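Coordinate inspection notes
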Amino acid sequence: MTYTDRFKAASTTFCHRLILGFQHLLAMYSGDVLVPLLIGTYLHFSTTQITYLVSIDIFMCGIATLLQLKRTALTGIALPVVLGCAVQAVTPLESIGGKLGIGYMYGAIICSGLFIFLIAGIFAKLKKLFPPVVTGSLITIIGFTLVPVGFQNLGGGDATAKSFGSLNNLLIGLVTIVIIVLINCFARGFLRSIAILLGILLGSLFAGALGMVSLSPVATAAWFHAPQLFYFATPRFNSSAIITMMLVALTTMIESTGVYFALSDATNTKITGKDMARGYRAEGIAAILGGLFNTFPYSTFSQNVGVLKMSGVKTKQPIYYAAVLLILLGLLPKAGALATIIPTPVLGGAMIVMFGMVGVQGVQILHQVDFTKGANLMVASLSIGLGLGVTVYPQIFQQLPTEAQIILGNGVVVGSATAVILNLILNHQDFFKKRSN
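The shown structure was predicted, so the numbers you read here are calculated from the model rather than taken from an experiment.

**Re the overall build of the protein chain**
- The number of helices and strands found in the protein chain is 19 helices and two strands.
- For the protein chain, the C-alpha radius of gyration of 21 Å lies close to 22 Å, the compact-globule estimate for 437 residues.
- Principal axes of the C-alpha set define a box for the protein chain whose edges measure 60 × 55 × 50 Å.
- Looking at the protein chain as a whole, 54% of its 437 residues are labelled buried.
- Taking as baseline every contact in the protein chain between residues at least 6 positions apart, the subset at least 24 positions apart corresponds to 83%.
- Where the 25 positive side-chain charges of the protein chain centre and where its 12 negative ones centre are 9 Å apart.

Set out below in structure tokens:
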């Protein structure tokens, strides 16, 4: 092979990985920027402050992702994972920031990160509590509980808006879904692996033709932002705020456990308790950095499991590209703002496909389970039922204390806790038999 041929091959490989990384970035982008937008608006941040908050949050997502990708003695699960803001932290952080002040919000985030780092080894030993009936149920719950988020975005994002569910929104979302399905069914090779990205891009062009794409966010964004320690406030500490964020940390660890198993199954990679401990520690360090740089706690995003399943590319290389792109976009708000012009219905259509794929992955794992045993049937049916039920009606726990609502209002946490506890009770003989072996 000549030098020119080698150069062309290397260039092609680079471009393919870069495009695949960009696809992963788009899959998580909307869910990630939602957190700073919600919290910044709730705390009455100025436009300049919110712009900085979004930019530095994107930057920290890239840093947090790199922490997970690279395995060290203490950190990194070394699976193709992307980290983003923990959405379940929004309400608690709004409450802490609104009642006590934003300094206490960031102090609680730092303490929650330390908490995750310190208990990672102990929490990882719970791996024995996750046989196929539990992991299959958990992955099914993760996928199907995210589908309503996709439907909400399909309708326009804000269910209270008059335009929610408009014909244009539904048409744009449907066109996006059809494009992804057609490419996935009839394309081959690299084109098929970027079906989600092409669906988002072509769906956005279609929305632009209908006058639903605005370039004003790009025009108003700054060209450069450097990360700064304590940009908004110096961390301060309050016991109730710290305990609240520790509870949130436990919910994110449970959810991350499900994603670890989903990725393990998708990539045919066995993970050990030590692997999981390294993964938790990486998330703990990411949360500590989030508090120091005045952003948020970070956890493994389940959205990107769907991208992995759709693309069929199960290596870490594209995720490295995604992480670097996140860092660059975080430093260049004007470039990062390009991703914000993607219409919400387009993202909704893509989400429905991706999240459905994750749910089906869980069903595939459950197919390996012996459901002639009544115990297994009960574990799967009740955990999935409760997980989906809580997702649809989280307000059922509105009469309980805030701390309880944080835990019980998360369908993934309720479903996974139900699966683990019920399996331990009904299949306790199998559990203790495995432990003795």
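That was the structure; now back to the text.
**So, the packing of aromatic side chains**
- In total, this model carries six aromatic pairs according to the counting rule given.
- Look at Y52 and Y231: their rings are 3.7 Å apart centre to centre, the planes differ by 20°, and that puts the pair in the stacked class. With Y52 in helix α2 (residues 47–69) and Y231 in the loop between α9 (216–220) and α10 (239–267), this pair connects stretches of sequence that are 179 residues apart.
- Accessibility expressed as a relative area gives 29% for Y231, which makes it partly exposed.
- Relative to F232, the ring of Y231 has its centre 4.8 Å away and its plane inclined at 85°; by these criteria the two rings are edge-to-face.
- By way of ring pairs, the aromatic residues F45, Y52, Y231 and F232 are connected into one cluster.

**Considering the layout of surface pockets**
- Space inside the second largest pocket adds up to approximately 380 Å³.
- If you trace the second largest pocket, you find 16 residues lining it, with K127, F130, T135, F261 and S264 closest to the centre.
- Of all elements in the fold, only α5 (132–155) and α10 reach the threshold of two or more residues within the lining of the second largest pocket.
- Ranked by residues supplied to the lining of the second largest pocket, first place goes to α10 with three residues.
- Each residue belonging to the lining of the second largest pocket can be placed in one class, and the counts come to six nonpolar, five polar and five charged.

**Digging into unusual backbone geometry**
- Even without a glycine there, the phi angle at H44 is positive, about 60°.
- Within the secondary structure, H44 sits in the loop between α1 (3–42) and α2.
- The backbone of F230 sits at a positive phi, close to 55°, despite the residue not being glycine.
- Note on placement: F230 falls in the loop between α9 and α10.

**Brief notes about the nonpolar core**
- Within the largest apolar cluster, 113 residues are counted, with the highest numbers of intra-cluster contacts made by Y280 and Y298.
- No other element matches the twelve residues that helix α4 (residues 102–124) contributes to this core.
- Apart from residues lying up to four places away in sequence, Y280 is in contact with I116, A120, F123, A124, M253, T257 and Y260.

**Re helix α8 (residues 195–209)**
- Taking 1.5 Å per residue, 15 residues should reach 21 Å; α8 reaches 21 Å between its end C-alpha atoms and fits that length.
- One or two positions beyond α8, positive phi appears at G211, with a value near 80°.

**With respect to the side chain of N153**
- Relative to the helices and strands, N153 resides in helix α5.
- Look at N153 and you get buried, because its relative accessible area is 15%.
- When neighbours within four sequence positions are excluded, N153 is seen to be in contact with T344, P345, G348 and M351.

**Regarding the pattern of salt bridges**
- Under the defined criterion, the tally for this structure stands at two salt bridges.
- Note that R71 and D275 form a salt bridge whose closest N and O atoms lie 3.6 Å from each other. Pair noted here: R71 is in the loop between α2 and β1 (83–85) and D275 is in helix α11 (residues 273–292), with a separation of 204 residues, a long-range link.
- In this structure D275 comes out as buried when scored by relative accessible area, which is 7%.
- Residue R278 pairs with D275 through a salt bridge whose shortest N-O separation is 2.4 Å. Of this pair, R278 and D275 both sit in helix α11, separated by three residues, roughly a single helical turn.
- Here the salt bridges do not stand alone but share partners, grouping R71, D275 and R278 into one network.

**Quick notes on a nonpolar patch on the surface**
- There is a patch of nonpolar side chains on the surface, built from M378, L382, L386, I421, I425 and L426 and spanning about 510 Å² of accessible area.
- Those elements that place two or more of their residues in the nonpolar patch are α16 (374–392) and α18 (411–426).
- Locating L426 in the fold gives a position in helix α18.

**Let's talk about the side chain of D275**
- In this structure the side chain of D275 is engaged in a polar contact, spanning 2.4 Å, whose partner is the side chain of R278.
- Contacts of D275, omitting those with residues within four sequence positions, involve R71, I77 and K270.

**Topic: empty space enclosed by the protein**
- Tallied over the full model, the rule gives one cavity of 30 Å³ or more.
- Counting residues per element, the ones that place at least two in the lining of the largest cavity are α4, α10, α11 and β2 (298–300).
- No other element matches α10, which puts four residues into the lining of the largest cavity.

**Remarks on the environment of W223**
- Within the secondary structure layout, W223 lies in the loop between α9 and α10.
- We classify W223 as exposed; its relative accessible area is 66%.
- Between the alpha carbons of W223 and I119 there is a distance of 40 Å; along the sequence they are 104 residues apart.
- Aside from chain neighbours lying at most four places away, what touches W223 is L331, L332, P333 and K334.

The rules behind each value
Residues numbered from 1 in each chain as written. Predicted model: local features only at pLDDT ≥ 70, side-chain atom pairs only at ≥ 80, totals over all residues. Heavy atoms only, no water. Helix = DSSP H or I, 4+ residues; strand = E, 2+ residues; numbered from the N terminus. Rg over C-alpha atoms; globule rule 2.2 N^0.38 Å. Buried < 20%, exposed > 50% of the residue type's maximum accessible area, 1.4 Å probe, protein only. Contact = heavy atoms within 4.5 Å. Lys, Arg positive; Asp, Glu negative; His and termini not counted. Charge placed at Lys NZ, Arg CZ, Asp CG, Glu CD. Phe/Tyr/Trp six-rings, centres within 6.5 Å; stacked < 30°, edge-to-face > 60°. 1 Å grid on protein atoms, 1.4 Å probe; cavity = no way out; pocket = protein on both sides within 12 Å on 5 of 7 lines; lining within 4 Å. Points joined across faces, edges and corners; volume = space filled by probe spheres on them. Nonpolar A, V, L, I, M, F, W, Y, C, P; charged D, E, K, R; others polar. Core = buried A, V, L, I, M, F, W, Y, C linked by side-chain atoms within 4.5 Å. Expected span 1.5 Å × (residues − 1). Salt bridge = Lys/Arg side-chain N within 4 Å of Asp/Glu carboxyl O. Patch = residues over 30% accessible without salt bridge, like charges linked within 9 Å, V, L, I, M, F, W, Y side chains within 5 Å. Areas by Shrake-Rupley, 256 points an atom, 1.4 Å probe, with all protein chains shown as cover. Polar contact = N/O pair within 3.5 Å; in protein donor to acceptor, adjacent residues only side chain to side chain.

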